[in-house]
Amino acid sequence: GKSTFLDAVLNLLSVDGGSIEVLGKQLRKLPAKDPIRSRIGLQAQGTTWAWSIKVGEILAIHRTLYGVSDPGIIDLLGVRELSAAMYRKLSTGQRRRVDLAVALAHRPDMIVLDEPSSGLDTQYLRAFHEILEERRAAMATILIASHEALDVGLADRILWFDQGRII
C-alpha cells in the first residue's frame, strides 16, 4: 500500500476516485513539461539506469534536467567520489546514495522517498537525515514510505496502511 500510495500521489497510476493535488495542482492534468514537475524530487524503489552509465553521467543528466545541483548535498552523501564508477557495479548502499542525491540535489519543494534508508550505512544515514531536516526547515513537503524507525521519527504526521487502506 505504501508504494502504491506514492505512485498515486505522483500520478504514476490511475486512481479509482477523488483527486490528488501536489503543490496545489493535479499532476494528471498537467503537461509532461510543466515546471511544477521540477519542484519534485523522487527516490523510488528499483531505479534503473542504462547498464553502461557512470555516476558522473547521472549527475550531469540531473544538472541538465533541473539547472541546479547542490554540491553540498552531493558531497554529504559521498556521491562525488563515485563519479567514475558504473552505476550497475555499485553496492546497494552506494546506489541508494546516488538515488538520494538525484532526488535531493536540486532542493525540491516536495520530496517523495520510498524506503530511503535501506542499505545506508550510519555515516550516510546521518547525512541523509541532516539534508531532510534542512529541507523541512525550508518548508519542503516530505513523503516517506518506510519501515525504519529513524525515518518515521522525522515525521509530523504518520499514515498507517493495512491491506491497502489508511487506518
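All figures in this text were calculated on a predicted structure; none of them were measured in a lab.

Rules and cut-offs
- Residues numbered from 1 in each chain as written.
- Predicted model: local features only at pLDDT ≥ 70, side-chain atom pairs only at ≥ 80, totals over all residues.
- Heavy atoms only, no water.
- Helix = DSSP H or I, 4+ residues; strand = E, 2+ residues; numbered from the N terminus.
- Contact = heavy atoms within 4.5 Å.
- Pairing = 2+ DSSP bridges.
- Axes fitted to C-alpha atoms, helices over the stretch in contact; angles between N-to-C directions.
- Expected span 1.5 Å × (residues − 1).
- Buried < 20%, exposed > 50% of the residue type's maximum accessible area, 1.4 Å probe, protein only.
- Arc of directions from axis to C-beta.
- 1 Å grid on protein atoms, 1.4 Å probe; cavity = no way out; pocket = protein on both sides within 12 Å on 5 of 7 lines; lining within 4 Å.
- Points joined across faces, edges and corners; volume = space filled by probe spheres on them.
- Nonpolar A, V, L, I, M, F, W, Y, C, P; charged D, E, K, R; others polar.
- Phe/Tyr/Trp six-rings, centres within 6.5 Å; stacked < 30°, edge-to-face > 60°.
- Lys NZ or Arg CZ within 6 Å of the ring centre and 35° of its normal.
- Patch = residues over 30% accessible without salt bridge, like charges linked within 9 Å, V, L, I, M, F, W, Y side chains within 5 Å.
- Areas by Shrake-Rupley, 256 points an atom, 1.4 Å probe, with all protein chains shown as cover.
- Salt bridge = Lys/Arg side-chain N within 4 Å of Asp/Glu carboxyl O.

## Focus: the side chain of Arg135
- Turning to its location among the elements, Arg135 is positioned in helix α5 (residues 122-137).
- Once residues within four sequence positions are removed from consideration, Arg135 is found in contact with Arg107, Pro108, Asp109, Ile111, Ala140 and Ile142.

## Regarding the sheet that holds strand β1 (residues 40-43)
- The parallel open sheet is built from three strands, whose spatial order is β1-β2-β3. Two strands bound the open sheet, and with one partner strand each, they are β1 and β3 (141-145). Direction aside, the axes of adjacent strands within the sheet are offset by 10° on average.
- Taken together, the four bridges between β1 and strand β2 (residues 110-114) define a ladder with parallel strand orientation. Note on β2: the bridge partner recorded for Gln43 is Leu113.
- In the packing of helix α1 (residues 2-9) onto the sheet, contacts are made with β2 and β3, and the angle to β2 comes to roughly 150°.

## Section: helix α2 (residues 55-66)
- The terminal C-alpha atoms of α2, which comprises 12 residues, lie 17 Å apart, in line with the 16 Å expected from a rise of 1.5 Å per residue.
- Among the residues of α2, those classed as buried are Val55, Ile58, Leu59 and His62. Viewed end-on, α2 has its buried residues packed into an arc of 100°, placing them on one side of the element.
- In this fold, the buried residues of α2 make contact with α3 (71-76) and α4 (92-104).

## Overview of the layout of surface pockets
- In this structure, the largest pocket occupies an estimated 910 Å³ of space.
- Lining of the largest pocket is provided by 29 residues; of these, Ile142, Leu143, Ile144, Ala155 and Arg157 occupy positions nearest its centre.
- Elements represented by at least two residues in the lining of the largest pocket include exactly α1, α5, β3, α6 (149-152) and β4 (161-162).
- Broken down by element, the residue count for the lining of the largest pocket peaks at five residues, all from β3.
- Tallied by class, residues from the lining of the largest pocket come to 16 nonpolar, six polar and seven charged.
- By volume, the second largest pocket amounts to about 550 Å³.
- What lines the second largest pocket is a set of 21 residues, among which Arg37, Ile40, Leu42, Leu65 and Tyr66 lie closest to the centre.
- It is α2 that contributes the most residues to the lining of the second largest pocket, four residues altogether.

## Considerations on the packing of aromatic side chains
- Considering all chains together, one arrives at two aromatic pairs under this definition.
- On the numbers, 5.5 Å between centres and 50° between planes, the contact of Phe5 with Phe161 is tilted. Of this pair, Phe5 sits in helix α1 while Phe161 sits in strand β4, placing them 156 residues apart in sequence.
- Seen from their ring centres, Trp49 and Tyr87 are 6.5 Å apart, and the 65° between their planes marks the pair as edge-to-face. Residue Trp49 is found in the loop between β1 and α2, and its partner Tyr87 is found in the loop between α3 and α4; the two are separated by 38 residues along the sequence.
- Of note, Arg97 hangs over the ring of Tyr124, and the distance from its end group to the ring centre comes to 3.9 Å.

## Looking at a nonpolar patch on the surface
- The grouping of Ile158, Trp160 and Ile167 at the surface amounts to a nonpolar patch, some 390 Å² of accessible area in total.
- Assignment of secondary structure puts Trp160 in the loop between α6 and β4.
- Exposure remark for Trp160: the relative accessible area of 58% places this residue in the exposed category.

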